[in-house]
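Listed below, chain by chain, are the residues.
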Amino acid sequence: MNEKKSEEKENAAEPGTSLTPDEQKEVRKRLGREPNALELGMIDIMWSEHCSYKSSRPILKMLPTTGGAVVVGPGYDAGVIDIGGGWCAAFKIETHNHPSAIDPYNGAATGIGGIVRDILSMGARPVALFDSIHFGSLSSPHSRWLLRNVVKGIGDYGNCIGVPTVGGELQFDEGFERNCLVNAACLGFVRKDKIMKSDTAGEGDHIILAGGSTGRDGIHGVTFASKNLSMESEGERPAVQVGDPFTKKLLIDATLELLEAGLLKSLKDLGGGGLTCASSELAFKSGGGADIDISKIHLREKGMSPYEIMLSESQERMLYIADDARKAGVIAILEKYGIRYAEIGKITKGNYRVLDEKGKVLAEMKASLLTEAPTVDRPTKELKFEGKCMKLNKDISFALGQLMASENLCSRSWIYEQYDHEVGDRTVGKPGHDSAVLLAPNGGAVVVKLDSDSLWCNIDPYKGSAGVVCEAYRNVVSCGGKPLACVDNLSFGNPEKPEVMFQFKESVRGISDALKALETPCVGGNVSFYNEDEETKLSIKPTPVIMMVGVIDSLKKLRKCRMNKGEKLVLVGETRAEIGGSEYCRTILGAHCGVLPEPDLAAEKRNGEFVLANWENINAVHDVSRGGIAYALLEMCVQADMGAKITLDPIPMSGKEHVREEDIVFSETHGRYIIATKKAEELLAAAAKAGVPAAEIGIVGGGKIEIDAYQFKLQDMKEGYGKALWKAMEHNKV
Amino acid sequence: MTEYTVEVVIESKPAAKDPEGETIARELLMKNGFGQVHNVRTAKMLKVKLEAENEEQAKNLAERMVRELRLANPVAHIYSINVKG
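1. What about the overall build of chain B?
- Looking only at helices and strands, chain B has 2 helices and 3 strands in total.
- In sequence order, chain B lays out its α and β elements as β-α-β-α-β.
- Scaling as 2.2 N^0.38, a compact globule of 85 residues should have a C-alpha radius of gyration of about 12 Å, whereas chain B reaches 16 Å, well beyond that.
- Its C-alpha atoms give chain B principal-axis dimensions of about 50 × 25 × 15 Å.
- Among the 85 residues that make up chain B, the fraction classed as buried is 33%.
- In chain B, 75% of the contacts between residues at least 6 apart in sequence involve partners at least 24 apart.
- For chain B, the accessible surface area stands at approximately 5,300 Å², while carbon and sulfur atoms represent 51% of it.
- Averaging the positions of the 13 positive and the 13 negative side-chain charges in chain B gives two centres separated by 7 Å.

In structure tokens, the structure reads:
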């Protein structure tokens, strides 16, 4: 062990190790000797759950990852799909849960910064941001503090770098009171022949570290992310990272110019695991090693140890790889933008080595030792929260009024009105609709939606997760997009607990089955474990987030989704009395259990394809998901600022005789859409031909929403739905 | 009761990055004839006028505001409180 080095630094972060005895044995076996402190620290971070996916990797193999439009699948900084016309979309989602839970503003902002770098690393121009955020109850001051600052962090960062935040979702559940979830996602466009990957560096290529300086912030970020949050999180923690969007903006512009000029052989961003992770993965993927001279790195603080330099997670840093001939060109562009940089070493054919200024080797091992952590086969134990929902006799008028203004269903305008969602002039489908729609450089558009449902996934992780995929699929279809592929972000509790591992496995199985059936492969993702309250030992509810991306091939197909007076309302898809786990159950009955709606994947695909195939006969369409038919209808009415009248009798259902009204209007059966059309007859004829259950259920017009004999004033509903979040946030400043 | 002016200074922890301070130091001062400068850190100061029995109570009151209402986030910031007569 290198004792002298640790003596030098009194305030240095202690190396220590979280490796298990078995893992330490494995390290010694592969290395053929004892690792020194620096080596152990680097291995420690690379073998952490966050970097190595050691618990999740064996299970993630279930996911379909190839076929269709896939160009680059999992294993790279972002997934890439072909959207036609020589263009591709690169997209990725990642959590920043732990940093956001302790410093919501900077945690969320740097989450955005990190995801933008991932898109850049594929050679793509980032054009849109998305967020999926989860907090405890809206009635809790702590949750409101988190929400307010997370939203501000995302909005400020996106605004500064000129990338719009165009879509997302917000959910509340008491399980997130202390462990909020912040998923940040980004999408970019890249020409198919310009895609960059981290496996194209060659021997002798120069490694250039550019961007922000390297400081002590964020050291142990990933080992921190691989542990639970506790009370000592406050105050005692190493400094959180502070976002620096202006440096990021320079990095984005410089990177795009470097790519355009064809000066780079490869590139990679520095995120979790810092320089160790980025440089070793790049070297390994390129089939070699690297020599890193740490004395060249521009530091923010004096006296940083090699350990701190190699593990720092300071923000806004990129690695550029250039050969001899093009190095000078790279440097000229970096200098033009005033970006600080350092030539820190070269790609080699040998080992991965860290050197000091005299060339002394401080750490040496095969790159694979860092990047190929042994997996862990963790035990699972079944855990489900099904069971009977209590039934109360609350009539529809009471329930609908409550649901509309409930924290999980009310309008999110308080959030998206704080975001700049227009910058770049691509946003044709704006926040507040089913999905975000962005103009693509190939003359078409892409449709993007993030969905999740922690309540469903807690009750039944298999059905719940498959249901989330179905919902995302429907949302993309509802904007006219043909769903092509997705990325997933899986936030779970402590994987060392067999119940959590069961939830994880079942969830991935549910996602896999749904993706296979819907033919939308998974091209990347992120896993966040250890989302657990240290004091109460409670895990968060399992929360897989699906980011589904689809395409619209012609701008003629863009719809405003605004129904008009006199149009007929057609319901597509069969309704079953599936009220278990519904928003009605949660909000009205206070029941967090029940039997979830059965995802009928074949019907889901058939009904979605039917909607897309008959697009020309559709004026407005909305998927039926949370809150059932009643909520979908209300959203359509609010959107159009116009009432509508429906009757429940014609709704396609099997065994309707003994079903209560609320089981029909609040059922969350999958595979359903409400369509406003002038051509109901044509649509119904086409449905009959395609074997799709469909029926005309009502007509658009008037100032009221009428469901059979129940009547609601549109104005009241608009007020309750539109203002609930505003009231909660603006009337309670803390 | 006496009126006090309490100055609450909230700054990022020393190890945290301060993009604004760095930009002022590097792009403004160093480049414009103040080569002696090697570091600038920005902070936020709140001048709070309040009523209290004595200085200590004024300080405690300000301290409570900072902590309970999270004017400073203990994870990201350090703060100091100075009571002026």
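So, next bit.
2. Points about the environment of A:Ile347
All names here are of chain A.
- Within the secondary structure, isoleucine 347 is located in strand S11 (residues 341-348).
- The class of isoleucine 347 is buried, set by a relative accessible area of 4%.
- Along the backbone, isoleucine 347 and threonine 375 are 28 residues apart, and their C-alpha atoms lie at a distance of 27 Å.

3. Comments concerning the pairing of strand S7 (residues 206-211) of chain A
Residue and element names in this part refer to chain A.
- Across the 6 residues that make up S7, a large majority, 6, are buried.
- Residue alternation in S7 divides its side chains into two sets, His206, Ile208 and Ala210 and Ile207, Leu209 and Gly211, and both sets are buried.
- The sheet contact formed by S7 and strand S10 (residues 317-322) spans 6 bridges and is antiparallel. Note on S10: the bridge partner recorded for glycine 211 is arginine 317.
- Two elements, S7 and S11, share 5 bridges in a ladder whose sense is antiparallel. Note that in S11 the partner of isoleucine 208 across the bridge is glutamate 343.

4. Some details on the domain arrangement of chain A
- Along its sequence, chain A is carved into domain 1 (200-221 + 234-373) and domain 2 (559-734).
- Summarising the inter-unit geometry, the C-alpha centres of domain 1 of chain A and domain 2 of chain A are found 51 Å apart.

5. Topic: the sheet that holds strand S8 (residues 266-269) of chain A
Residue and element names in this part refer to chain A.
- The sheet built from 7 strands is open, its strands ordered S8-S10-S7-S11-S9-S12-S13 with mixed pairing. Strand pairing shows two members of the sheet lacking a second neighbour, S8 and strand S13 (361-365), which therefore form its edges. Neighbour-to-neighbour, the strand axes of this sheet turn through a mean angle of 20 degrees, independent of strand direction.
- Strand contacts of helix H14 (residues 324-336): S7, S10 and S11, with the helix running at about 5 degrees to S7, the strand carrying the most contacts.

6. Here's the deal with the pattern of salt bridges
- What the rule picks out here adds up to 56 salt bridges over all chains.
- In this structure, the salt-bridge partner of B:Glu63 is B:Arg67, at a minimum N-O distance of 3.4 Å. On the criterion of helical spacing, the pair formed by B:Glu63 and B:Arg67 is a turn pair, its members being 4 residues apart in helix H2 (residues 55-68).
- Between B:Glu68 and B:Arg64 there is a salt bridge; the shortest N-O distance is 3.3 Å. Placement of both B:Glu68 and B:Arg64 in helix H2 is noted, with a separation of 4 residues, approximately one turn of the helix.
- Since its relative accessible area comes to 52%, B:Glu68 is described here as exposed.
- Look at the salt bridges and you will find they share partners, linking A:Asp173, A:Asp453, A:Lys541, A:Glu583, A:Arg586, A:Arg626 and A:Glu668 into a network.

7. Comments concerning the interface of chain A and chain B
- Listed by partner, the interface residues are 20 residues for chain A and 13 residues for chain B.
- Here chain A meets chain B over a buried area of about 1,500 Å², counting both sides, of which 56% is carbon and sulfur.
- For the pair chain A and chain B, the number of links is 2 salt bridges.
- Notably, a salt bridge pairs B:Glu22 with A:Arg300, separated by 3.9 Å at the nearest N-O pair.
- At the surface where chain A touches chain B, the tally comes to 2 residue pairs in polar contact (both at pLDDT 80 or more).
- For the side of chain A that touches chain B, the element with the highest residue contribution is helix H10 (residues 233-236) of chain A, accounting for 3 residues.
- Of the residues belonging to the side of chain A that touches chain B, the class tally is 7 nonpolar, 5 polar and 8 charged.

8. Comments concerning H2(B)
Residue and element names in this part refer to chain B.
- Taking 1.5 Å of rise per residue, the 14 residues of H2 would be expected to cover 20 Å, and the 20 Å separating its terminal C-alpha atoms lies within 8% of that figure.
- Regarding H2, the residues found buried are Ala58, Ala62 and Val66. Considered in projection along H2, the buried side chains sweep an arc of 70 degrees and stay on one side of the axis. Among the exposed residues of H2, those pointing more than 90 degrees away from its buried face are Glu56, Arg67 and Glu68.
- Those residues of H2 hidden inside the fold are in contact with strand S1 (2-12), strand S2 (43-52) and strand S3 (77-84).
- Its side-chain oxygen at 3.3 Å from the backbone nitrogen of glutamate 56, asparagine 54 defines the N-terminal cap of H2.
- One or two positions beyond H2, positive phi appears at arginine 70, with a value near 55 degrees.

9. Considering the side chain of A:Ser625
Residues and elements named next belong to chain A.
- Within the fold, serine 625 resides in the loop between strand S21 (620-624) and helix H23 (628-640).
- Its relative accessible area of 6% is what places serine 625 among the buried residues.
- Side chain to side chain, serine 625 and aspartate 623 meet in a polar contact 2.6 Å long.

10. Section: the side chain of B:Lys13
Residue and element names in this part refer to chain B.
- Within the fold, lysine 13 resides in the loop between S1 and helix H1 (19-29).
- Classification of lysine 13 as buried rests on a relative accessible area of 11%.
- Within polar-contact distance, the side chain of lysine 13 engages the backbone oxygen of valine 75 at 3.1 Å.

11. What to know about helix H25 (residues 680-690) of chain A
All names here are of chain A.
- Residues Ala680, Leu683 and Ala687 constitute the buried set of H25. Taken around the axis of H25, the buried residues stretch over an arc of 65 degrees, which confines them to a single face. Residues of H25 that are exposed and point over 90 degrees away from its buried face: Glu681, Ala688 and Lys689.
- Of the surrounding secondary structure, the elements contacted by the buried residues of H25 are strand S20 (568-572), helix H22 (601-613), strand S23 (672-677) and strand S24 (694-700).
- Positive backbone phi, at 70 degrees, marks glycine 691, one or two positions downstream of H25.

What counts and how
Residues numbered from 1 in each chain as written. Chains lettered and ligands numbered in written order. Predicted model: local features only at pLDDT ≥ 70, side-chain atom pairs only at ≥ 80, totals over all residues. Heavy atoms only, no water. Helix = DSSP H or I, 4+ residues; strand = E, 2+ residues; numbered from the N terminus. Rg over C-alpha atoms; globule rule 2.2 N^0.38 Å. Buried < 20%, exposed > 50% of the residue type's maximum accessible area, 1.4 Å probe, protein only. Contact = heavy atoms within 4.5 Å. Areas by Shrake-Rupley, 256 points an atom, 1.4 Å probe, with all protein chains shown as cover. Lys, Arg positive; Asp, Glu negative; His and termini not counted. Charge placed at Lys NZ, Arg CZ, Asp CG, Glu CD. Pairing = 2+ DSSP bridges. Domains from an automatic or database assignment. Axes fitted to C-alpha atoms, helices over the stretch in contact; angles between N-to-C directions. Salt bridge = Lys/Arg side-chain N within 4 Å of Asp/Glu carboxyl O. Buried area = accessible area lost by both parts, 1.4 Å probe. Polar contact = N/O pair within 3.5 Å; in protein donor to acceptor, adjacent residues only side chain to side chain. Nonpolar A, V, L, I, M, F, W, Y, C, P; charged D, E, K, R; others polar. Expected span 1.5 Å × (residues − 1). Arc of directions from axis to C-beta.

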